[in-house]
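Secondary and tertiary structure notes
What follows is each chain in one-letter form.
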Amino acid sequence: MGTAATADAVGTIVNDFSIHVATANGSGSQTSNMVLLRALFQMGVPVSGKNLFPSNIQGLPTWFTIRASKDGWIARKEESDVIVCMNAETAEEDVATARKGAVLIYDDSLRLQEKRPDCVHYPVPFKKLIAECCPDLKLRKLVINMLYVGVCSALFGIDMGELKSALGKQLAGKQKAIDLNLPALEYSANWTKEHLPKKDAFRVERMNANEGKIIIEGNAATALGLMFGGVTVVTWYPITPSSSLCEYLDEYLNRFRLDKDGKRTFAVVQAEDEISAVGMLAGAGWAGARCFTSTSGPGISLMNEIIGLGYFAEIPFVICDVARTGPSTGLPTRTMQGDIYSLMYASHGDTKHIVLIPSEPKESFELAQEALDIAEEFQTPVFLMLDLDLGMNYWMAKRFDYPAAPIHRGKVLTKEQLQEMGGKWGRYQDVDGDGVPYRTIPGTEHPAAAYFTRGTGHTAQATYSEKPEHWKSNMDRLAKKFESAKKRVPKPVVTSDGSKVGLLFCGTTTEAINEAVHELKHKHKVKVDLCRVRAFPFTSEVEDFVDHHERVYVVELNRDGQLRMALSAEVPRLAHKLRSILHYDGMPLSAGAVVKQFRELEGAWGKGTPE
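Residues numbered from 1 in each chain as written. Predicted model: local features only at pLDDT ≥ 70, side-chain atom pairs only at ≥ 80, totals over all residues. Heavy atoms only, no water.

**Considerations on the overall build of the protein chain**
- Along its length, the protein chain carries 21 helices and 22 strands.
- Over its C-alpha trace the protein chain gives a radius of gyration of 27 Å, about what one expects of a compact globule, namely 25 Å for 611 residues.
- Summarising its shape, the C-alpha atoms of the protein chain cover approximately 90 × 70 × 40 Å along the three principal directions.
- Every one of the 611 residues in the protein chain was classed for burial, and the buried ones make up 56%. (Helix = DSSP H or I, 4+ residues; strand = E, 2+ residues; numbered from the N terminus. Rg over C-alpha atoms; globule rule 2.2 N^0.38 Å. Buried < 20%, exposed > 50% of the residue type's maximum accessible area, 1.4 Å probe, protein only.)

**Observations concerning the sheet that holds strand 21 (residues 551-556)**
- The 5 strands lie next to each other as 17-19-18-21-22, forming an open sheet whose pairing is mixed. Of all strands in the sheet, those with a lone pairing partner are strand 17 (493-495) and strand 22 (578-582), marking the two edges. Shown here is a sheet whose adjacent strand axes are inclined to one another by a mean of 20°, direction ignored.
- In the sheet, strand 17 pairs with strand 19 (residues 529-533) via 3 bridges, with the strands oriented antiparallel. Within the sheet, the bridge partner assigned to T495 lies in strand 19 and is L530.
- Contacts from helix 20 (residues 562-570) reach strand 18 (501-506), strand 21 and strand 22, with the element oriented near 135° to strand 21. (Pairing = 2+ DSSP bridges. Axes fitted to C-alpha atoms, helices over the stretch in contact; angles between N-to-C directions. Contact = heavy atoms within 4.5 Å.)

**Points about the sheet that holds strand 13 (residues 317-323)**
- Taken together, the 7 strands give an open sheet; going across it, the order is 11-10-12-13-15-14-20, and neighbouring strands pair in mixed fashion. Across the chains shown, the open sheet's two edge strands, defined by having one partner strand only, are strand 11 (267-270) and strand 20 (535-536).
- As defined by bridge partners, strand 10 (residues 233-236) adjoins strand 11 across 4 bridges and the pair is classed as parallel. Bridging from a neighbouring strand, V233 pairs with A267 of strand 11.
- The sheet strands contacting helix 12 (residues 297-313) are strand 12 (291-295), strand 13 and strand 15 (381-387), and the helix crosses strand 13 at an angle near 160°.

**Some points on the packing of helix 9 (residues 218-228) against helix 14 (residues 361-378)**
- One way to put it is that helix 9 packs onto helix 14 with a least axis distance of 7 Å and a crossing angle of 35°. As for how helix 9 packs across helix 14, the hand of that crossing is right-handed. Contact residues: helix 9 offers G218, A221, T222, L224, G225, L226 and F228, while helix 14 offers P361, S364, F365, A368, Q369 and L372.
- When the residues that make up the contact of helix 9 with helix 14 are grouped by side-chain class, the tally is 8 nonpolar, 5 polar and no charged. (Left-handed = near helix turned anticlockwise from the far one by under 90°. Nonpolar A, V, L, I, M, F, W, Y, C, P; charged D, E, K, R; others polar.)

**Comments concerning the nonpolar core**
- Formed by 96 residues in total, the largest nonpolar core has its most connected members in I105, F156, I158, F292 and L356.
- Once residues within four sequence positions are removed from consideration, F292 is found in contact with L226, V231, V233, V234, T235, L245, C246, L249, L281, V318 and C320. (Core = buried A, V, L, I, M, F, W, Y, C linked by side-chain atoms within 4.5 Å.)

**Some thoughts on the packing of helix 6 (residues 145-156) against helix 8 (residues 175-195)**
- Running from N to C, helix 6 and helix 8 point in directions that differ by 40°, and their axes come no closer than 7 Å. Considering the angle they form, helix 6 stands oblique to helix 8. Seen along the crossing, helix 6 lies across helix 8 with a hand that is right-handed. For the pair formed by helix 6 and helix 8, the contact residues are M146, L147, V149, G150, V151, A154 and L155 on the first element and N181, A184, L185, S188, A189, T192 and K193 on the second. (Parallel < 35°, antiparallel > 145°, perpendicular 65-115°, else oblique.)

**With respect to the domain arrangement of the protein chain**
- On domain assignment, one finds that the protein chain holds domain 1 (10-211), domain 2 (221-398), domain 3 (411-490) and domain 4 (493-606).
- For domain 2 and domain 3, the distance between their C-alpha centroids amounts to 25 Å.
- On the side of domain 3, 28 residues touch domain 2, which itself brings 25 residues to the contact.
- Both sides of the domain 2 and domain 3 interface together cover about 2200 Å² of buried area, and 60% of this is carbon and sulfur.
- Contact with domain 3 buries area across many residues of domain 2, yet F312, E314 and F378 alone supply 34% of it, more than any other trio.
- Applying the counting criterion to the domain 2 and domain 3 interface returns 5 salt bridges. (Domains from an automatic or database assignment. Buried area = accessible area lost by both parts, 1.4 Å probe. Salt bridge = Lys/Arg side-chain N within 4 Å of Asp/Glu carboxyl O.)

Structure follows, in structure tokens:
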């Protein structure tokens, strides 16, 4: 992309730029940002929106980045093309880090022209404009950010009709708020047309790339999947960045899961802490409910003891971990894949857990349903692993398909089945050779239905035992169940381009990696094969991918290479082929970061870049 300051010098750049907006937290900027994002989307331009906000108190700086890409790339872009400075406290820093040739939009009182003469400057009298279009002094701070939307509309050709439509959607049911913001939007656009001659190259034109797609957060998509998956009990304790998941779920359940008399067919309980939340979950799963909680890394740490109980007593429930940057409190509003290892081997002793890993909202919707089914089919806690980038940011996704398959509850014995068996069954007995026993649900009307649920050593008949042979037999069966899960969990997505080198990854690194591989192929003439892992345990396809390549770079968002560690532990004979590409500064991965590390590592390998 060109970096010169004028459109005449470089020509017009259409539908290929990023806008980085700096505001103060709590100033109503979310409405303005979403109006701009939605308008671009409604014009058919592929977009994404990423928040960067403080974790502590109102009034601190917050940023929002919108990427528009005619080619459909929606990963984070390292350098911004347009910077909107609506926060005087960060303006100088924001401008200092701008790339050469970037477009700068800011209040004229900041006088930033001299600091970056190599950029395109659009000084705007925002304070004067808001006074002219919003008579109420108290309301101006809530409306002033809408001015920058109007400025961008006029400068870049963003359709005013689409902006008005987006405003109506964003503030649906709040007509007073719409009436307050609309004059600011129109006034600033008209002022810009009259007073700011266009000096930059960027332009928005209508496309038709978004047909059949929506804009949604991953947490909202997951909540919808859980509702359609038949969840009946939700227990949770608020923690960033997972809180909105259960908030969305509560809202959806209250809208769509009431009986004909308006009574709830579900239970949502906000617990006093994470330990209580997972304890309630274990009780609900034991009682036969399809149940769920969401949390983040610190919550997983607190839940470990009862996660172990669920594993050993074989109680089905689902936990969604929306990961953030840690350890400790860490950076609660930044993203990371730092919980990979802790989910796979959560709790003490010998445990291995099923983990499903979506990469985008539609898959979050689908895998949330899968998680509920798999938890009951294998009678075990199942983890759904998201991160803040997926959970709390705005993603363009294909529309969701209405679920067609029935709910799977696994090996649940009915009264009639118990009668046919003559009441002879063992709660922890492996009948089918897959490691998964049969279970009954409390309330089943048969005298043989009852059993003791034990977190201590037990026999196949659920009687207490400390005998070594009983313990070993039970642990071997649990391991067999885990092996059986390899045939049930989602298979990886493998893309082959005939290369001897592969990239292996999971979750939200996907978009950046796809863009990076495109750049490697078309700019650097390097071919790379891809394997996107969607679940743990690793399926045979994952093992085959590593087996068939000379070297595989495992790309992940953490310092220690946790996905690579797990691969090395599960398939040790292939560990020598694995190398790490790591990103762990709390920001979403960019294509540039992948390309840079890949080329450096390939050069260090001493074999040149592969063809």
